[in-house]
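Each chain is listed here by its residues.
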Amino acid sequence: MGPISNRYTELVGIEHPIVQEGLGPYRTSKLAAAVSQAGGLGTVSMPGMPEDLQAGARTFLSHIEECASLTDKPFAVNIPVGVDARGAIVEFTDVYIRAVLDARRRDAGLAAQLTVMTTSAGFPGVYIDLIKDAGMVHQHKVGSTRQAIKAAEAGVDVVIAAGFEMGGHAPAAGVHTFVLVPKVTEAIDIPVVLTGGARDGRTLAAALCMGADAVALGTRFILSEENSDWHPNYLQALLDAKEGDDVAFTGVYGPCRGLRNPASEALLVAQNDPDADPVALIRHKIESMSRAQTDGDTVNSLVMTGQVAGAIDHVIRVAEFVPAMAEEAAAVLARLAGNLTGAAPA
Ligand SMILES: Cc1cc2nc3c(=O)[nH]c(=O)nc-3n(C[C@H](O)[C@H](O)[C@H](O)COP(=O)(O)O)c2cc1C
């Protein structure tokens, strides 16, 4: 057992309340395995939306199998919920969720390990019962207290409260973690995971103080030795980023945070062009994001990152980082409690 165990670590079956979140459309099988192996919860990310979605699902499953082959600990998958202009859930979400549930049904060993599904972006609606019936823990990412209440009432097991500063697709509401997380934890009784801006034990301790049960990190884990699937230029661009180097543009599901560079500057112009073909624009964005990771062109491609990149200056080893982060959080909380001079609350 780690130094911080609580209802979240017990529910998900992990040692430390530290999650590596979905980082689609990029490959994260090795990274997810490393985080789970270190006692946190790793997440295999969804691999994008090729025109042949069955081929996309096969890629997804191969990433899941790779993760399962590298750790015997529990891990998660992330599937964003795309919603069309009429509010209907789009096909890729359905194909990917069913592919994961089918794979677990076929393989009891995989089902024992792949125990958590994280949905994000749109409301997961009918999939809530499907995921529950499959016996998985269902985490859903939200950007507002209203969405958190809706998700909890609909039966999800865990809410991930996503603040404005997060990398990648950020909630349209744009509420900062410091405002959002205490409000969400007051409003619902199920475990809450803070995401956006976390990077060390101090930020984990702060999240716990705000009532969260765990933190989820994206950018911090991109900058790790175990993230060897990504082009080194991507990692270097994040290391070079300073405060204020990030910008929000319109991504695939809504606002998206990445580096300010020629690609995002051009997109900020293109997204306001009334003649732009919306489907072509979405395909361009996904291709551009993928190019940054595979080819390392961090100037002419969209480089997704959280604001926290401006506060990170080194690459970590996940195996050491995860337990050390939990130890640091516990030490911070103990030190601060030791400084209290007044009577402890009843
Ligand atoms: C490169 C990148 C890709 C991301 N892709 C996804 C995704 O596919 N699905 C998702 O729910 N969130 C995605 N996110 C958001 C992360 O899951 C996480 O919420 C975010 O990184 C947390 O903020 P942080 O970067 O400050 O830690 C992505 C973030 C980044 C930086």
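Every value quoted in this text rests on a predicted model; they were computed, and no experiment measured them.

## As for the pairing of strand β9 (residues 214-217)
Step number 1: Of the two faces of β9, the one holding A214 and A216 and the one holding V215 and L217 are both buried throughout.
Step number 2: Pairing of strand β1 (residues 18-20) with β9 involves three bridges; the strand directions are parallel. Opposite Q20, over in β9, you have L217 as the bridge partner.
Step number 3: Where strand β8 (residues 192-195) and β9 come together, three bridges link them in parallel fashion. From the neighbouring strand, V193 faces β9, where its bridge partner is A214.
Step number 4: Chirality of the crossover, the property in question, places the unit of β8, helix α9 (residues 201-209) and β9 among those that are right-handed.

## Concerning the site of the ligand
Step number 1: The local shell around the ligand holds 29 residues, among which G24, G167, G168, G218 and G306 are the closest.
Step number 2: Those elements giving two or more residues to the shell around the ligand turn out to be β3 (75-81), β7 (168-169), β9 and α10 (219-222).
Step number 3: Here the shell around the ligand is built from residues that sort into 10 nonpolar, 15 polar and four charged.

## Here we look at the sheet that holds β1
Two pairing modes exist for strands in a sheet, parallel and antiparallel, and in both the strands are linked by backbone hydrogen bonds.
Step number 1: Judged by pairing direction, the sheet is parallel, and its eight strands sit side by side in the order β1-β9-β8-β6-β5-β4-β3-β2 without closing on themselves. What marks the edges here is a single partner per strand, and that holds for β1 and β2 (42-44). Taking each pair of neighbouring strands and ignoring which way they run, the sheet shows an average axis angle of 30°.
Step number 2: Here helix α3 (residues 53-70) sits on the sheet and contacts β2, β3 and β4 (114-121); the angle it forms with β2, its principal contact strand, is near 150°.

## A closer look at the packing of helix α2 (residues 29-37) against α3
Step number 1: For the pair α2 and α3, interaxial distance at closest approach is 8 Å and the crossing angle is 35°. Considering how the two elements wind past one another, α2 and α3 form a crossing that is right-handed. Residues S29, K30, A32 and A33 of α2 pack against H63, E66, C67 and L70 of α3.
Step number 2: Split into classes, the residues belonging to the contact of α2 with α3 amount to four nonpolar, two polar and two charged.

## As for the domain arrangement of the chain
Step number 1: In terms of domain boundaries, the chain breaks down into domain 1 (7-229 + 312-327) and domain 2 (232-294).
Step number 2: The gap between the C-alpha centroids of domain 1 and domain 2 is 22 Å.
Step number 3: Across the contact, 18 residues belong to domain 1 and 15 residues belong to domain 2.
Step number 4: The residue inventory of the side of domain 1 that touches domain 2, partitioned by class, reads 11 nonpolar, six polar and one charged.

Reading the values: rules and limits
Residues numbered from 1 in each chain as written. Predicted model: local features only at pLDDT ≥ 70, side-chain atom pairs only at ≥ 80, totals over all residues. Buried ≥ 20, exposed ≤ 12 C-beta atoms within 10 Å, placed from the backbone. Helix = DSSP H or I, 4+ residues; strand = E, 2+ residues; numbered from the N terminus. Pairing = 2+ DSSP bridges. Right-handed = clockwise from strand over helix to strand, strands pointing away. Near = placed C-beta within 6 Å. Nonpolar A, V, L, I, M, F, W, Y, C, P; charged D, E, K, R; others polar. Axes fitted to C-alpha atoms, helices over the stretch in contact; angles between N-to-C directions. Contact = placed C-beta atoms within 7 Å. Left-handed = near helix turned anticlockwise from the far one by under 90°. Domains from an automatic or database assignment.

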